[in-house]
Amino acid sequence: MPHGTTDEEAARRYPFPQPAALEAPVEWGRMRQECPVARVTLPSGDEATLLTRYDHVRSALSDPRLSREGAANEDAARVAEGEGDIFNSPMARTLNAVGHERWRRLLGRWFTAKRIRALRPDMERVTERLIDELTARPGPADLVAGLAFPFPVYIICAMLGVPDQDRDAFKSWSDTFLSVTKYSAAEMATAQGEFAVYMTDLIADKRAALEAGRVTEGEEDLLTLLLTAPDSEGAVLPDDALVATGQALLLAGHETTAGFIAVMVAQLLSDRSRWERLLADRTLIRPAVEEVLRIDPSNGFGMVRYVHEDIEFGEELVPRGTTVVCSMSAANRDERAFTDADSMDLSRSPNPHLTFGAGPHSCLGQPLARTEMQTVLEVLLRRLPGLELAVEKGKLRQVEGLLTGPLRELPVTW
């Protein structure tokens, strides 16, 4: 058995269950202490190596000997059964074929902090409108359905030039893309096919509008710009890569951020002193968002990497051909990297959490997610200072069977 694992360790089932929606799996702490490089069994039945310590995870995410692209290799472990696994989906394979560096350089010019800050007035207007609609009726109300989910959908749809009335379809498609056990392999493959057809048609419509001169210069959406934008080699993305790019940006641009926003509000309201502290000192909004991102247990599956050359983590040798799962959420609670790691400190600084990854594959959209979370929190504090949970925090429920564990609903009063 590779790198000294025992039969008991090899039988571990991953991901680990959370005792409650806002609580981390107890296994994270135990593994960081006793078995930081552990063999686990994924929902597909394949085995992988799980990393839970901060220095190991950060190293794995940055080391060129491990790659995201290798997840498509024949001997790579599959997260879910069949071809529905998002790490081995047609979307992922297409983007891997383009080349991560080329794709990131091309997209990166539109995801700079400066460009994202310019969107803030629109974000504030959308937040204000959604709060108006949420509070038009007596509480309690569901903050997930009323704000956390529709807000990032409106923003990413506006950026990409996608009709926001299709957001319910995006929700369904993204759930299946992120499925671990919630959907069957056939359901996942069907949803991925439907999403690809939708995006193919949308891009064809944008190309036709561009060729017919119906697009005003300076008002182009991101997908329209990508139709003609050359990369560093003077080439534009082929159509299949444009389709995959649209899918990836829509998935990342609304599903993850919606979960972050809901958990952010839930964490801050679960101990009312946190909310009161922010009401008294708005300069804490930025560090509070970072601390929510660090301590959030709902994004707990992690990132999958394939080992191309033997590599050591501490004293453990992980051989070539191993599939590694980097648990950023477990690493974010590592006592070696953070003082009082399991406690929420709204003024924590510095806060080098790994929620958005590390190295060349770190999340391209992190400036967008951060700005969205800060904007929503700022407007909520101003508009609804009396916001409270309408249920006990232990009764909050998660969506089960996905790579992430977003809240099903967040009942609040004001």
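Refer to the preceding data block for the structure.
Residues numbered from 1 in each chain as written. Predicted model: local features only at pLDDT ≥ 70, side-chain atom pairs only at ≥ 80, totals over all residues. Heavy atoms only, no water.

## A few points about the layout of surface pockets
The criterion, for reference: The method works on a 1 Å grid over the protein atoms by themselves. A cavity is a set of points holding a 1.4 Å probe that cannot get out, a pocket is an open set with protein on both sides within 12 Å along at least five of seven lines, and residues with an atom within 4 Å of a point line them. Grid points are joined across faces, edges and corners, and a volume is the space filled by probe spheres set on the points. Segments assigned H or I by DSSP are reported as helices when at least four residues long, segments assigned E as strands when at least two residues long, and all are numbered from the N terminus. Ten residue types, Ala, Val, Leu, Ile, Met, Phe, Trp, Tyr, Cys and Pro, are classed as nonpolar, four, Asp, Glu, Lys and Arg, as charged, and the remainder, Gly among them, as polar.
Approximately 500 Å³ is the volume attributed to the largest pocket. Along the wall of the largest pocket there are 26 residues; nearest its centre are Phe16, Pro17, Gln18, Gln398 and Gly401. Here the second largest pocket defines a volume of roughly 390 Å³. Taken together, 15 residues form the lining of the second largest pocket, with Arg115, Leu119, Ala158, Met159 and Glu220 sitting closest to its centre. Mapped onto the lining of the second largest pocket, the elements with two or more residues apiece are helix H6 (113–117), helix H7 (120–135), helix H9 (150–160) and helix H12 (222–228). Element by element, the count of residues in the lining of the second largest pocket is highest for H9, at four residues. Across the lining of the second largest pocket, the residue classes tally to 11 nonpolar, no polar and four charged.

## Remarks on the sheet that holds strand S5 (residues 303–307)
Applied cut-off: Any two strands with at least two DSSP bridges between them are considered paired.
Taken together, the five strands give an open sheet; going across it, the order is S1-S2-S8-S5-S3, and neighbouring strands pair in mixed fashion. A single partner strand is all that each edge strand has here, and the edge strands are strand S1 (37–41) and strand S3 (66–67). Of the pairings in the sheet, the one linking strand S2 (residues 47–51) to strand S8 (residues 323–326) comprises three bridges and is parallel in character. What sits directly across from leucine 50, in S8, is valine 325.

## Here's the deal with the environment of serine 44
Rules: Exposure categories follow from relative accessible area, calculated using a 1.4 Å probe and restricted to protein chains: below 20% of the type maximum is buried, above 50% is exposed, and the middle band is partly exposed. Pairing of N or O atoms within 3.5 Å defines a polar contact, subject to two protein rules: one partner must be a possible hydrogen donor and the other a possible acceptor, and residues neighboring in sequence count only if both atoms are side-chain atoms.
As for its placement among the helices and strands, serine 44 is situated in the loop between S1 and S2. For serine 44, a relative accessible area of 18% gives the class buried. Separated by 33 residues in the primary sequence, serine 44 and alanine 77 have C-alpha atoms spaced 8.2 Å apart. Of the polar contacts made by the side chain of serine 44, one reaches the backbone oxygen of arginine 78; its length is 2.2 Å.

## Concerning helix H15 (residues 285–295)
To keep things clear, this is the line we draw: Only heavy atoms matter for contacts: two residues are in contact if any of them lie within 4.5 Å across the pair.
Of all 11 residues that make up H15, nine are buried, and the element is covered over most of its length. Residues of H15 that are buried: Ile285, Ala288, Val289, Glu290, Glu291, Val292, Leu293, Arg294 and Ile295. Those residues of H15 hidden inside the fold are in contact with helix H13 (239–270), helix H14 (272–280) and helix H17 (366–383).

## Looking at the pairing of S5
Extensive coverage of S5 is indicated by the burial of four of its five residues. Here two bridges tie S3 to S5, and the two strands are oriented antiparallel to one another. Its bridge partner being in S5, serine 67 is matched across the sheet by tyrosine 306. Pairing between S5 and S8: four bridges, direction antiparallel. Counterpart to arginine 305 in the pairing with S8 is valine 324.

Shape is all these values report; function is a separate question.
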